[in-house]
Amino acid sequence: MSSVEEQIREIEDELKNTPYNKATSKHIGRLKAKLAKIRDEAVARAMASAGGGEGYSVKKSGDATVVLVGFPSVGKSTLLNRLTGNDISETAAYAFTTVSVIPGSMEHRGAKIQILDIPGLIAGAAMGKGRGKEVIAVVRSADLILVLVDVFNEKHTNVLLRELHDAGIRINRPKPDITIKKAGNGGIRLNTVGAVDLDVEEVRSILAENKIVNADVLIRNEVSQDDFIDAMIGNRVYVPAFIAVNKVDLVDEKTRAGIEEELTERFGEPPIMVSAHSGYRIEDLKDAIFENLEFMRVYLKPVGGPADMDEPLIIRSPATVEDVCNRLHRDFADKFRYAKVWGNSAKHDAQRVGLTHKLADGDVLTVVTRR
């Protein structure tokens, strides 16, 4: 075992054996900050040594990018082929068929969605084991993570989620509203808005582990020590994700129902039960991808002409008129005069709005620019 792994194990053991209460919270915060820093440095070293191996630098395309994350041999390649309707990812009945990142394109409900099939994750991937360092770099850039397990290894789903967590990827969590501004003197000054349980001693203890002794800290709303440590380290990414279970055609109905119930209980929402091989519930999976990406459809109407109701502009929610302008062409925002909106976001048809107006799914929009 490497010295880094030994350090991590020792701190984890101490955390397990230290009961949390107000008296120990400062010590626990410092231990967590130290553990996070060691892990982060180990991941950074692993990523730096990756050098972006051939096949791992993938240009993002389409309206959003989804990455298939799973163990080797859970059927990611077969699923990619099924979702995209192409035999673009080599499949075989043995582990590690995919040795580079393979992109595919799925069109669904008017959206063009890039799907990336990546090599299977293994335990220790975040620290650089296997092809973990290259794979993690791709996952961090995703708009949505589809965690794929199969009916034979679903009990190890938490191993996958732990690898993502260790690599600084936070799943299905909003980014905490925390600002840390280093200062030249004055110590740690803490300001809070809303119900905040962290006190200045905990904050000071955590920041000291990162050699920050003078800073202005603003925390809005309830956050945990872990949230604050994430904000201090500063390189976390917050990505939506959901779980799908593959190969459900290989077990009986009772086993399938048991797996679905167990994963729902553990992770708070039911997984999508599919068979990439037979095509079972693939359309449901496509719908889940679309909905988890929180897409909106905006129909564009030229001045004096009819709206194009056949090909909407697909954009991630929440979105403003300015977001649409930037998607169309940067000149639209620079030369913007006003816009007109029909639909759920409008108080009345043809409401005149500005760049900051928040749009709703299905809105019809006319943008008027200066000549």
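Residues numbered from 1 in each chain as written. Predicted model: local features only at pLDDT ≥ 70, side-chain atom pairs only at ≥ 80, totals over all residues. Heavy atoms only, no water.

Student: For this particular structure, what's the right way to read the overall build of the chain?
Tutor: Within the chain one finds 11 helices and 16 strands. Each of the 371 residues in the chain was classed as buried or not, and the buried ones make up 46%. In the chain, of all internal contacts separated by at least 6 residues, the share reaching a separation of at least 24 is 69%. Roughly 18,800 Å² of accessible area belongs to the chain as shown, and the carbon and sulfur atoms make up 48% of that amount. (Helix = DSSP H or I, 4+ residues; strand = E, 2+ residues; numbered from the N terminus. Buried < 20%, exposed > 50% of the residue type's maximum accessible area, 1.4 Å probe, protein only. Contact = heavy atoms within 4.5 Å. Areas by Shrake-Rupley, 256 points an atom, 1.4 Å probe, with all protein chains shown as cover.)

Student: So what exactly am I meant to see when it comes to the sheet that holds strand β15 (residues 351-353) here?
Tutor: In sheet architecture, strand pairing relies on hydrogen bonds along the backbone and comes in two forms, parallel and antiparallel. Overall, mixed pairing links the 5 strands, which are arranged β13-β12-β16-β14-β15 in an open sheet. Of all strands in the sheet, those with a lone pairing partner are β13 (313-316) and β15, marking the two edges. Averaged over all neighbouring strand pairs, the angle between strand axes comes to 35°, with direction disregarded. Pairing geometry for strand β12 (residues 295-300) and β13, over 4 bridges, is antiparallel. Looking at β13, one finds that R297 is bridged to I314. In this fold helix α10 (residues 321-328) packs onto β12, β13, β14 (336-342), β15 and β16 (364-369), with an angle of close to 125° to the strand it touches most, β13. (Pairing = 2+ DSSP bridges. Axes fitted to C-alpha atoms, helices over the stretch in contact; angles between N-to-C directions.)

Student: Can you help me understand the side chain of S345 in this one?
Tutor: One can find S345 in the loop between β14 and β15. Polar side-chain contacts of S345 include one of 2.5 Å to the side chain of D363. Those residues in contact with S345 that lie beyond four places of it in its chain are Q351, H357, K358, L359, A360 and D363. (Polar contact = N/O pair within 3.5 Å; in protein donor to acceptor, adjacent residues only side chain to side chain.)

Student: Looking at this model, I keep getting lost on the packing of aromatic side chains. Mind explaining?
Tutor: Each aromatic ring pair is specified by the distance between its two centres and by the angle formed by the two planes. Throughout the structure, instances matching the rule amount to 1 aromatic pair. Its guanidinium or amino end placed over the ring of Y338, R352 lies 3.7 Å from that ring's centre, counting from NZ or CZ. (Phe/Tyr/Trp six-rings, centres within 6.5 Å; stacked < 30°, edge-to-face > 60°. Lys NZ or Arg CZ within 6 Å of the ring centre and 35° of its normal.)

Student: Sorry if this is basic, but what is going on with the pattern of salt bridges here?
Tutor: The final tally for this structure, using the stated rule, is 29 salt bridges. Residue D199 is joined to K22 by a salt bridge in which the shortest nitrogen-to-oxygen separation is 3.5 Å. Placement of D199 in the loop between β7 (188-193) and α6 (200-208) and of K22 in the loop between α1 (3-17) and α2 (25-50) is noted, with a sequence separation of 177 residues between them. A residue is classified by how much of its surface remains accessible, and D199, at 26% relative accessible area, is partly exposed. Where salt bridges share partners, they join D40, R170, R173, D227, D230 and R236 into one cluster. (Salt bridge = Lys/Arg side-chain N within 4 Å of Asp/Glu carboxyl O.)

Student: How should helix α9 (residues 282-292) be read in this particular structure?
Tutor: Among all positions in α9, only I282, L285, K286, A288, I289 and F290 are buried. Of the residues one or two after α9, E294 is the one with positive phi, at around 55°.

Student: Where do I start with the environment of C325 in this structure?
Tutor: Structurally, C325 is set in helix α10. Look at C325 and you get buried, because its relative accessible area is 0%. Separated by 10 residues in sequence, C325 and K335 place their C-alpha atoms 9.9 Å apart. Residues within four places of C325 in sequence aside, it is in contact with R330, F332, A333, F336, L355 and V367.

Student: Quick question: what am I supposed to make of the confidence of the model for the chain here?
Tutor: Note that predicted coordinates carrying low pLDDT should not be read in detail. Averaged over all residues, the pLDDT of the chain is 88; the fraction at 70 or higher stands at 89%. The weakest mean pLDDT in the chain belongs to helix α4 (residues 132-140) at 76; the strongest belongs to strand β11 (residues 272-273) at 98. Counting interchain partners and residues more than four positions distant, the pLDDT-below-50 stretch residues 92-98 has 16 contacts. (pLDDT = per-residue confidence, 0-100.)

Student: Can you help me understand the sheet that holds strand β8 (residues 215-220) in this one?
Tutor: The strand order across the open sheet built from 3 strands is β6-β8-β7, with neighbouring strands paired in mixed fashion. Where the open sheet ends on each side, the last strands, each with one partner, are β6 (177-182) and β7. Put simply, the sheet's adjacent strands are angled 10° from each other on average, direction ignored. Here 6 bridges tie β7 to β8, and the two strands are oriented parallel to one another. By the bridge assignment, V193 is partnered in β8 with R220. Packing against the sheet, α6 makes contact with β6, β7 and β8, and its axis sits at approximately 125° to β7.

Student: Could you clarify how one ought to interpret the packing of helix α3 (residues 76-84) against α9 in this entry?
Tutor: When two helices pack together, you describe them by how their axes are tilted relative to each other and by the distance separating the axes. Orientation of α3 relative to α9, taken along the N-to-C sense of each, is 85°, at an axis distance of 10 Å. Judged on the interaxial angle alone, α9 and α3 are roughly perpendicular. Here L79, R82 and L83 of α3 lie close against α9, whose contacting residues are I282, L285, K286 and I289. Looking at the contact of α3 with α9 residue by residue, the classes come out as 5 nonpolar, no polar and 2 charged. (Parallel < 35°, antiparallel > 145°, perpendicular 65-115°, else oblique. Nonpolar A, V, L, I, M, F, W, Y, C, P; charged D, E, K, R; others polar.)

Student: What should I look at first to understand the nonpolar core in this one?
Tutor: The nonpolar side chains of a soluble globular protein tend to be buried, and buried together. Core analysis: the biggest nonpolar cluster contains 58 residues, and I145, L146, L285 and I289 have the highest contact counts within it. Among all residues touching L146, those that are not within four sequence positions of it are V66, V67, L68, V69, L79, F242, A244, L285 and I289. (Core = buried A, V, L, I, M, F, W, Y, C linked by side-chain atoms within 4.5 Å.)

Student: Quick question: what am I supposed to make of the packing of α6 against helix α7 (residues 225-233) here?
Tutor: The interhelical angle for the contact between α6 and α7, taken along N-to-C directions, is 40°, at an axis separation of 10 Å. Comparing the axis directions of α6 and α7 gives the class oblique. Where α6 crosses over α7, the two elements pack in a sense that is right-handed. Here E202, V203, I206 and L207 of α6 lie close against α7, whose contacting residues are Q225, F228, I229 and M232. By residue class, the composition of the contact of α6 with α7 is 6 nonpolar, 1 polar and 1 charged. (Left-handed = near helix turned anticlockwise from the far one by under 90°.)

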